[in-house]
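So the chains spell out like this:
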Amino acid sequence: MEHTGGDAARPFVERARTTFPTVVDEHGVTSTLLGFKAVPNGVLVDGDGVLRWAKYGGFSIDKPEDVAVVERFLGGGDPGPSPVQATPYTLGPVERELVDTKLRLGRLLESLNRRDEAVTEWRAALRLDPENLVIRKQIWAARHPERFHPTIDWDWQRERLKREREDEIAAGICGPDGCPVPWA
Amino acid sequence: MAATTTGVGQTLPDLTLPRLDGGELRFADRRGKRLLLFMWGSW
């Protein structure tokens, strides 16, 4: 399940030669539904369609602890408790709806080549929800495409995140423990 | 869309999303099987 768009996803999927279907979620339906603010995620669903386990952010098939949970579950076992998610604050339903709407509006504007307006919407969404890495990375990818194609510059992202968080703390948007009043 | 999230222990609503290789994937068609959904972005 890919969260940007089909054209961005295709080279990765072709390189990985996956044997499972890949779907594209351009409009962020799954992040609204599940409430996650980062990827990569692993989500386990049982035969009745019940969500049984979820790890939002940092899920990887290179991590033995993640692989162990998946193998146990697919083998018919109990996945155990989900990792505790860091939730420095919780958005109210109206703020969440607004963040999701601005994220979607930005993607629509970008698809119309109105990139500056898209970034304005995403910045407004990020101000409401500063912990949201999905929004933050959308802005980075729009403003610094050379850091994402042909390869993703992870060191740049780590450095950038650190600097932006420091700026946000200095500006009083967030404290070191999160953003208790995200709309302030 | 309602702003309530689906948590562990709750049933996911039926979703239909476009497949990268064409057509659509309807999650309800996969009922009866245990699934791993892997979610990622190209950034």
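Calculation notes
- Residues numbered from 1 in each chain as written.
- Chains lettered and ligands numbered in written order.
- Predicted model: local features only at pLDDT ≥ 70, side-chain atom pairs only at ≥ 80, totals over all residues.
- Heavy atoms only, no water.
- Helix = DSSP H or I, 4+ residues; strand = E, 2+ residues; numbered from the N terminus.
- Buried < 20%, exposed > 50% of the residue type's maximum accessible area, 1.4 Å probe, protein only.
- Salt bridge = Lys/Arg side-chain N within 4 Å of Asp/Glu carboxyl O.
- UniProt positions renumbered as here; feature names shortened; annotations may be inferred.
- Contact = heavy atoms within 4.5 Å.
- Polar contact = N/O pair within 3.5 Å; in protein donor to acceptor, adjacent residues only side chain to side chain.
- Nonpolar A, V, L, I, M, F, W, Y, C, P; charged D, E, K, R; others polar.
- Axes fitted to C-alpha atoms, helices over the stretch in contact; angles between N-to-C directions.
- Parallel < 35°, antiparallel > 145°, perpendicular 65-115°, else oblique.
- Left-handed = near helix turned anticlockwise from the far one by under 90°.
- Expected span 1.5 Å × (residues − 1).
- Phe/Tyr/Trp six-rings, centres within 6.5 Å; stacked < 30°, edge-to-face > 60°.
- pLDDT = per-residue confidence, 0-100.
- Pairing = 2+ DSSP bridges.

A.B. asks: Honestly, the overall build of chain B in this entry has me stumped. Any pointers?
C.D. replies: If you tally the helices and strands in chain B, you get 0 helices and 3 strands. For chain B, the proportion of its 43 residues judged to be buried stands at 35%.

A.B. asks: Just checking my understanding: could you explain the pattern of salt bridges for this structure?
C.D. replies: Opposite charge on two side chains makes pairing possible when the charged atoms of those side chains draw close. All names here are of chain A. A full pass over the atoms with the stated rule returns 18 salt bridges over all chains. Here Asp46 and Arg52 are joined by a salt bridge, their closest N and O atoms 3.5 Å apart. Given the relative accessible area of 11%, Asp46 is considered buried. Under the relative-accessibility criterion, Arg52 is labelled partly exposed at 23%. Arg115 serves as the salt-bridge partner of Glu110, at 3.5 Å between the closest nitrogen and oxygen. Residue classification places Glu110 among the partly exposed positions, given a relative accessible area of 24%. When salt bridges with common partners are traced through the structure, they connect Glu131, Arg136, Arg160, Glu164, Arg165 and Glu168 into a single cluster.

A.B. asks: Just checking my understanding: could you explain the UniProt feature "repeat: TPR" (unreviewed entry) in chain A for this structure?
C.D. replies: According to UniProt, the "repeat: TPR" (unreviewed entry) feature falls on residues 99-132 of chain A. When the span residues 99-132 of chain A is considered, its composition is 79% helix and 0% strand, and the gap between its end C-alpha atoms is 10 Å.

A.B. asks: Would you mind showing me how to read the interface of chain B and chain A here?
C.D. replies: Quoted interface sizes are often the accessible area lost when the parts come together. Contact residues are listed per partner, giving 34 residues for chain B and 56 residues for chain A. Inspection of the chain B/chain A interface yields 0 salt bridges. Counting the contacts that link chain B with chain A gives 13 residue pairs in polar contact (both at pLDDT 80 or more). Taken together, the elements giving at least two residues each to the side of chain B that touches chain A come down to β1 (16-18) and β3 (35-39) of chain B. Looking at the side of chain B that touches chain A, the element that brings in the most residues is β3(B), giving 5 residues. Classifying every residue of the side of chain B that touches chain A gives 19 nonpolar, 10 polar and 5 charged.

A.B. asks: What is the right way to look at the packing of helix α4 (residues 93-111) of chain A against helix α6 (residues 133-143) of chain A in this model?
C.D. replies: Each pair of packed helices can be summarised by the angle the axes make with each other and by the distance between the axes. All names here are of chain A. At their nearest, the axes of α4 and α6 sit 11 Å apart, and the two run at 20 degrees to each other. Classified by the angle their axes make, α4 and α6 are roughly parallel. Seen from above, α4 lies across α6 with left-handed handedness. Judged by residue contacts, Val99, Leu103, Arg107 and Glu110 of α4 engage Val134, Ile135, Gln138 and Ala142 from α6. Here the contact of α4 with α6 is built from residues that sort into 5 nonpolar, 1 polar and 2 charged.

A.B. asks: I'm lost on α4(A) in this one. Help?
C.D. replies: Every α-helical turn comprises 3.6 residues, leaving residues that sit three or four positions apart pointing alike. All names here are of chain A. With 19 residues, α4 extends 27 Å from end C-alpha to end C-alpha; this agrees with the ideal 27 Å at 1.5 Å per step. For α4, every residue scored as buried is listed here: Arg96, Val99, Asp100, Leu103, Gly106, Arg107 and Leu109. Where the residues of α4 are buried, they touch α2 (29-34), α5 (115-128) and α6. Positioned one or two residues after α4, Asn113 has a phi angle of 65 degrees, which is positive.

A.B. asks: Got a minute to help me understand the packing of aromatic side chains in this structure?
C.D. replies: The way to describe two aromatic rings as a pair is by their centre distance and the angle between their planes. Residue and element names in this part refer to chain A. On inspection of all chains with the given rule, the structure shows 6 aromatic pairs over all chains. Centre to centre, the rings of Trp140 and Trp156 are 5.7 Å apart; their planes meet at 80 degrees, and the pair counts as edge-to-face. With Trp140 in helix α6 and Trp156 in helix α7 (residues 154-170), the pair connects residues that are 16 residues apart, well separated along the chain. Trp156 matches Trp140 in its accessibility class, with the two residues each being buried.

A.B. asks: Teacher, can you tell me more about the confidence of the model for chain A here?
C.D. replies: All names here are of chain A. Looking at chain A as a whole, its pLDDT mean stands at 86, while 89% of the residues score no less than 70. The lowest-confidence element of chain A is helix α1 (residues 6-16), averaging 79 in pLDDT; the highest-confidence one is helix α3 (residues 64-74), averaging 96. Confidence drops under a pLDDT of 50 for residues 180-184, and excluding neighbours within four residues, the segment shows 9 contacts in the predicted structure.

A.B. asks: Explanation requested: the sheet that holds strand β2 (residues 51-56) of chain A in the structure shown.
C.D. replies: Within a sheet, each strand pairs with its neighbour through backbone hydrogen bonds, oriented either parallel or antiparallel. Read from one edge of the open sheet, 3 strands run β2(A)-β1(A)-β3(B), paired in antiparallel fashion. Strands at the two margins of the open sheet, each flanked by one partner only, are β2 of chain A together with β3 of chain B. Neighbour to neighbour, the strand axes of the sheet diverge by 10 degrees on average, direction disregarded.

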